[in-house]
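Observations on the model geometry
These are the residues of each chain, in order.
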Amino acid sequence: MAGSCFESEPNFCPDCGSVLPLPGAGLNVTCGRCCYQISIDTFEGLEVKSEVVLNDPELLQANLEAESEERQLNGPVVERRCSCCGHEGMVYHTRQTRSADEGQTVFYTCPNCRHQEKEDS
């Protein structure tokens, strides 16, 4: 390992930092980017564990809810009185909830009590 630029984990090239290929039949593992060679003995007894989580439903739902609440309270404000608390001024956003040849649905949210109303146009 003489001549390396920095110390790294065994799965990464100590010269350029690239991910190293899996050890093969040879005595050395060669970096595909810079051709640095590491003795295969470095990998002896090394155990690699990994986990892949694709589309974790709970995480996706939490992100959608946070994004939705942020959008509802940070949108443009219109002069509209909240039917629940009487606060003047409501935040709105629009969505296309029906077919493309029909108007958008406008969703209003009161920044005071978070009451929501919708209006189909």
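Before reading further, recall that the structure is shown in the block above.
Report on the accompanying structure. (Residues numbered from 1 in each chain as written. Predicted model: local features only at pLDDT ≥ 70, side-chain atom pairs only at ≥ 80, totals over all residues. Heavy atoms only, no water.)

So, about the pairing of strand S4 (residues 88-95). Both faces of the sheet carry side chains from a regular strand, because those side chains alternate between them. One ladder, built from three bridges, connects strand S3 (residues 77-81) with S4; its direction is antiparallel. The residue of S4 that forms the bridge with Val 77 is Val 91. Between the antiparallel neighbours S3 and S4 lie six residues, among them Gly 86 with a positive phi of about 85°. Taken together, the five bridges between S4 and strand S5 (residues 105-109) define a ladder with antiparallel strand orientation. Looking at the pairing, Arg 95 lines up with Thr 105 of S5. (Pairing = 2+ DSSP bridges. Helix = DSSP H or I, 4+ residues; strand = E, 2+ residues; numbered from the N terminus.)

Glancing now at the side chain of Thr 105. By secondary structure assignment, the location of Thr 105 is in strand S5. Residue Thr 105 is classed as buried on the basis of its relative accessible area, which comes to 1%. Only 2.6 Å separates the side chain of Thr 105 from the side chain of Thr 97, close enough to count as a polar contact. The residues touching Thr 105, leaving out its near neighbours within four places in the chain, are His 93, Thr 94, Arg 95, Thr 97, Arg 98, Lys 118, Glu 119 and Asp 120. (Buried < 20%, exposed > 50% of the residue type's maximum accessible area, 1.4 Å probe, protein only. Polar contact = N/O pair within 3.5 Å; in protein donor to acceptor, adjacent residues only side chain to side chain. Contact = heavy atoms within 4.5 Å.)

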